[in-house]
Amino acid sequence: MLIFDTVLLFLGLFYFLRFKSILLKLICFIVWYPCLILFLFKFDVPLPGILFIRREELGGEIADFGFYSYLVGSSIFYWMLSSVGNREFNFRSIRMTKLSILIMVLFCALSSIPLLNIHSGEEGAFKSATLYICMSVFLIILHRGRGISWFCQFIIIVFLFLNGERVDSIVLVLMLILFSGTDVVSPRYSKSLIFIGGGIIFFLLVCIGFYREGSSVTFEVLLSSIYSQRTVCDVVYIYLTAVSYYLENGPAPEVLLNLFGGLIPGPTMGTGSPYNFTYFLNHNYMSNPGGGLFCSEAYLALGFLGTPIYFFFYGYLIRKLFDGKLDYTKYIFLLFLSMQCRIIWYGLIYIYKPFVIFSVFYFMLRYMRTKNSSLLINN
C-alpha cells in the first residue's frame, strides 16, 4: 500500500506541475500539500502539534478514509483545471492618477494596523484582515510598473509577514513579486527567482512560526518543516476529526447551513456560528485550535463523497474565474488567489466578506470613471 499510495500522491503533483501558468501551479500546490500531510500521518511519520498527540485516536480507518477522500477530491480539482492548463493569465491594470494610488497605499497601510498584534487564524484577525486583503489586491491591480507605490506595498506586506501575519501575506507577496507590466499585467519570473525566493520565504515561515511559539530553530526542525508545516498539520487534524465524527456518529448536515447562512450578516452565522464546522466539532466532539480544511464540512455532512463534490465545484469556479473574459472576473480571480491559503485551510466562508467589499469598491471605481475620465480610463 505504501508504494501504491506514494504513486497516487505524486501523480497528482506531477500532473499539475505540467500546467503553464505558475498561478495555477501555486493554487494546486496549496491544495496538494495537505494531502502530503495526510499521507505521512497515514504511515505514522512523526508530525508536530496536535496531530502527534491524537495520532492513536485518528489513525487506522479514520486516516485511510480521510486520505483517500481528499486524494480523490484533489485529483478532481486538478482535472477540472486541466482545460486551462496550457494558458497564461493576464489582466489589465486600472489606470489612476499617482495621487489616487498613493491614497490607496495609505488606506492599505491603515487597514494593516489592526493586524500587527493579532495572528492569522483567529476570528478577530480575519475581521481586521478583510479590508487589508481588498486594498492589497486593488493596489496590485493599480501598479503600473515597480514604482514608489509598489515599493510601499512591498514594505507593508513584508512587515506584516515578519510580524507573524502569514496566512494572508504568503500569496500576496508572491503576487507582488511575480506580476509585472503596465497596461497588460502578467506573471514574469525566472526559475532561479522561484527557487531562491521560495527558499527564503520557507525559511522565514519556519522561523516566524517557532518564534511565535517560543521554540528554537535547529537544522532538524528546518528539515522536518519541509514536509510538516505546523499550521497545515493543525487544519488537517480538524479535517480528520470531521472524518472521525462522521464514522462514529453519522452525517451532520446542519453544518451546511452556515455555508449559505454566512451570506447573511448576524451573530448566529459566519465563523462564530454554532453551525460552523470548526465550532461544531469543538463543542460536540473534539477540541481544536480553529480553522480546518475547507472540505471538512463536506465530509461532516456528506461523508466520503463530500470532499470530491466540494473540490469539483471549487475547481469549476477557479477555472471560470481564471479563464474569464471580463476585467471584473479576472480581478475576482486575483482576490481568490490572494486568499487561497485562508480558503483551503479555514473554509469557503472566509471569501464572503472580501468578495462583497471588493465588488462594491470596484463598481464604485467604475462609477467614478463616468464622472471623471482622467481618474479611471480603463473599461
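Further up the page is the structure itself.
Here's the deal with the pattern of salt bridges
So, point 1. Inspection of every chain in the model, using the stated rule, returns 7 salt bridges.
So, point 2. Notably, a salt bridge pairs lysine 42 with aspartate 5, separated by 2.9 Å at the nearest N-O pair. Of this pair, lysine 42 sits in helix 2 (residues 22-42) while aspartate 5 sits in helix 1 (residues 2-17); the two residues are 37 residues apart in sequence, bridging distant segments of the chain.
So, point 3. Between arginine 54 and glutamate 57 there is a salt bridge; the shortest N-O distance is 3.3 Å.
So, point 4. A relative accessible area of 42% means that glutamate 57 is categorised as partly exposed.

Some thoughts on the state of the cysteines
Where two cysteines share a covalent bond between their sulfur atoms, that bond is called a disulfide.
So, point 1. Applying the stated criterion across every chain, the model contains 0 disulfides.
So, point 2. No disulfide involves cysteine 295; its sulfur sits 9.9 Å from the nearest other cysteine sulfur, which is in cysteine 35.

Examining a nonpolar patch on the surface
So, point 1. On the surface, Trp79, Leu302, Leu305, Ile309, Phe312 and Phe313 cluster together into a nonpolar patch covering about 630 Å² of accessible area.
So, point 2. Per-element accounting of the nonpolar patch gives the leading share, 3 residues, to helix 16 (residues 306-322).
So, point 3. Along the chain, tryptophan 79 falls in helix 5 (residues 61-81).
So, point 4. Taking relative accessible area as the criterion, tryptophan 79 reaches 53% and is therefore assigned exposed.

Reading the values: the criteria
Residues numbered from 1 in each chain as written. Predicted model: local features only at pLDDT ≥ 70, side-chain atom pairs only at ≥ 80, totals over all residues. Heavy atoms only, no water. Salt bridge = Lys/Arg side-chain N within 4 Å of Asp/Glu carboxyl O. Helix = DSSP H or I, 4+ residues; strand = E, 2+ residues; numbered from the N terminus. Buried < 20%, exposed > 50% of the residue type's maximum accessible area, 1.4 Å probe, protein only. Disulfide = S-S within 2.5 Å. Patch = residues over 30% accessible without salt bridge, like charges linked within 9 Å, V, L, I, M, F, W, Y side chains within 5 Å. Areas by Shrake-Rupley, 256 points an atom, 1.4 Å probe, with all protein chains shown as cover.

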